[in-house]
There are 2 protein chains.
Amino acid sequence: MTTIRSLGVYDVRFPTSRQLDGSDAMNAAPDCSAAYVLLRTDDGRHGSGLTFTIGRGNEGVVAAVRSLARFVVGRTLAEISEYMGGFWRSLAGDSQLRWIGPEKGAIHLALAAIINSVWDLWAKAEGKPVWQMLADMEPERLVRCLDFRFVMDALTPAEAIAILRKGREGRSLREAGLRERGYPAYTTGSGWLGYSEEKMRRLATEAVAQGFSAIKQKVGGNIAEDQRRESILRDAIGPDRLLMMDANQVWEVDEPIASMRQLAEFNPYWIEEPTSPDEILGCARIREAIRPILVATGEHCQNRIMFKQMLQAGAIDVCQLDVARLGGLNEASLWC
Amino acid sequence: MTTIRSLGVYDVRFPTSRQLDGSDAMNAAPDCSAAYVLLRTDDGRHGSGLTFTIGRGNEGVVAAVRSLARFVVGRTLAEISEYMGGFWRSLAGDSQLRWIGPEKGAIHLALAAIINSVWDLWAKAEGKPVWQMLADMEPERLVRCLDFRFVMDALTPAEAIAILRKGREGRSLREAGLRERGYPAYTTGSGWLGYSEEKMRRLATEAVAQGFSAIKQKVGGNIAEDQRRESILRDAIGPDRLLMMDANQVWEVDEPIASMRQLAEFNPYWIEEPTSPDEILGCARIREAIRPILVATGEHCQNRIMFKQMLQAGAIDVCQLDVARLGGLNEASLWC
């Protein structure tokens, strides 16, 4: 019987602000950081998971992990894996802790780190990577991992099972393709707002040489500067590769409509986080106004209830789930 | 020159769960608590403010207050009061701390406690209660206290000034009325879900004797039990006093529509928090379906951006601002 014996949490920080790595219009000088959780079991297993922050405030998430630890230590892997959805609810739903969210902010980030460490522990016990374990799971079992609270008006467990069962068609073919060609990725490595134009051009050229066919650039500073940087980037990657733009929430609802008109000549594929992550109605309006440029958002979307409404309102084209901001893989899986 | 010399924060808890005071369908056993902030200045003044929690998790808010303290200590009351909106933004907008919200959860609750302590300090320096200081403020000055970020599509500073200026008409009459008759209030003192029916009836009868003309009852447990309790309460307060109901978020979007049909015979004035506080679209649907019963919500509404959308979507009748959950009096003032 595998029982969780301890939950350790580490405040890990990297001084990325020194080189302005990760810098954007909202986050001028981030220090990439994590609240890193390490579970240890009585039979020598371990599982680790994290949530990401950008420096100050990481201590608050670490404190929140400690507040949740009492609901984890002493639980067995057998009971957790038998009903992961119930385990998730026992953490997310503790009424006293829930008050400081609910299901958002530091307490929900802490939940993500813990839940992801449990998935890691479970997958290691099964001897598979997490993605493989999820893909192999029977639909009924996967659905028992999820908490449908506050999404039942859009998706019931029975509907989810039907979708998953249908999704099994062609699964082995898709898996073989994934193993052969890998999973498509883009890079923002060249696009940080604090980088010089020269550094940006060099890194973009290198990314193309490495085989990237999609590149993302930060925008939302001065519009003339945005135009100049996009022009350099489009020039470096050529006309056919995808160029995405990311405003990191700095604009008021009406601003991206004007700004994207001025950036349209560089043929952007999407604009990411065009305004506050809490904007459902605003995003829907922006999306309507800037077609065919797509609206991408979700990195800071707090929980499944907001994602549900984003989809109900037709507010987004590209749903950017973050398993370290949502309450771990369970909550993210609701919309995969 | 009044300079803030120190910011102390206290983790205050009351064991209210022993008697189930404050209990409801979502929060079965709350321990009413606060992160309590005390500012001290170099010239012997002080200001205090708090945010409310229900026990576990209060330590996380206290940690978040400590993370924000560096932006407060050393500031002068003169610079803060000259541009309170900018001061607010310097706390709410620190990009590293903002990441663990943004503008929601523990970090935003902590902001509320700090900001409210600053208002207390300022009002004491002016020798007035806070409400009086706010009411006396010139529209231009009050508007400079607010941060319009992410609400400019609905309300600009110029529009707010015009509204406030118009509101000055009849102000002295309203103030005299307030001083004479007080501010209308209701009580939930009898309505906690964990109270016995006998205790509930006794407290409701006492509340009527004390002059209360409006009483709120918790619902959202078993519907037959809800009906029995509402029947006792309506009987105790008579047909003419207002009876409000509060589900504290326990229902899925479709449930309050069915439940309020079964509770309509007790003539409820409003249903409060009929579902998740993140539900804009769901609340709009509920409101449409249960008229003429009003929808009240906001106690857990995280920030001005959500309130703005609640109003844009026609999702609520009664806007329940909480200055201890929003980022203090400034953010709450946007919708007063």
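Residues numbered from 1 in each chain as written. Chains lettered and ligands numbered in written order. Predicted model: local features only at pLDDT ≥ 70, side-chain atom pairs only at ≥ 80, totals over all residues. Heavy atoms only, no water.

Time to look at helix α14 (residues 304–312) of chain A. All names here are of chain A. By the criterion of burial, α14 is predominantly enclosed, with 7 of the 9 residues buried. Buried within α14 we find R304, I305, M306, F307, K308, Q309 and M310. You can read the cap of α14 off the contacts: a side-chain oxygen lies 3.1 Å from the backbone nitrogen of I305, and it is on N303. Where α14 ends, the next residue or the one after it, G314, has phi of about 65°, a positive value. (Buried < 20%, exposed > 50% of the residue type's maximum accessible area, 1.4 Å probe, protein only. Helix = DSSP H or I, 4+ residues; strand = E, 2+ residues; numbered from the N terminus. Polar contact = N/O pair within 3.5 Å; in protein donor to acceptor, adjacent residues only side chain to side chain.)

It takes a turn of 180° to lay chain B on chain A, together with a shift of 0.0 Å along the axis; the resulting RMSD is 0.0 Å. A rotation of that kind, with that shift, is consistent with a two-fold axis. Judged by C-alpha distance, G105(B) is the residue of chain B that lies nearest the rotation axis, at 2.1 Å. In this assembly, 100% of the residues forming the interface of chain B have copies in chain A that are likewise at the interface, indicating an isologous arrangement. (Least-squares fit on C-alpha atoms with pLDDT ≥ 70 in both. Contact = heavy atoms within 4.5 Å.)

On the side of chain A, 62 residues touch chain B, which itself brings 62 residues to the contact. Interface area for chain B against chain A, summed over the two sides, is near 5,200 Å², with a carbon-plus-sulfur share of 52%. Among the residues of chain B in contact with chain A, R56(B), Q96(B) and W99(B) are the three that bury the most area, contributing 19% of the side total. Where chain B packs against chain A, one counts 8 salt bridges. D278(A) is the salt-bridge partner of K104(B), the closest N and O atoms lying 2.9 Å from each other. Seen at the junction of chain B and chain A, the total is 43 residue pairs in polar contact (both at pLDDT 80 or more). Mapped onto the side of chain B that touches chain A, the elements with two or more residues apiece are β3 (46–53), α1 (58–68), α4 (95–98), α5 (106–126), α13 (281–290) and α14 (304–312) of chain B. If one sorts the elements of the side of chain B that touches chain A by residue count, α14(B) sits on top with 5 residues. Grouping the constituent residues of the side of chain B that touches chain A by class yields 28 nonpolar, 17 polar and 17 charged. (Buried area = accessible area lost by both parts, 1.4 Å probe. Salt bridge = Lys/Arg side-chain N within 4 Å of Asp/Glu carboxyl O. Nonpolar A, V, L, I, M, F, W, Y, C, P; charged D, E, K, R; others polar.)

A few words on the pattern of salt bridges. Side-chain pairs of opposite charge can arise whenever the charged atoms involved come near each other. Evaluation of the coordinates by the stated rule reveals 58 salt bridges over all chains. Close ionic contact of E331(A) with R304(A) constitutes a salt bridge, the shortest N to O distance being 3.0 Å. In this pair, E331(A) sits in helix α15 (residues 328–333) while R304(A) sits in helix α14, placing the two residues 27 residues apart along the sequence. Given a relative accessible area of 1%, R304(A) falls into the buried group. Put simply, D235(B) and R201(B) hold a salt bridge, and the shortest N to O gap is 3.7 Å. Within this pair, whereas D235(B) is found in helix α11 (residues 223–237), its partner R201(B) is found in helix α10 (residues 197–209), the two being separated by 34 residues in sequence. Among the residues examined, D235(B) registers a relative accessible area of 57% and is labelled exposed. Several salt bridges converge on common partners, so that one network encompasses D153(A), K308(A), D254(B), E279(B) and R285(B).

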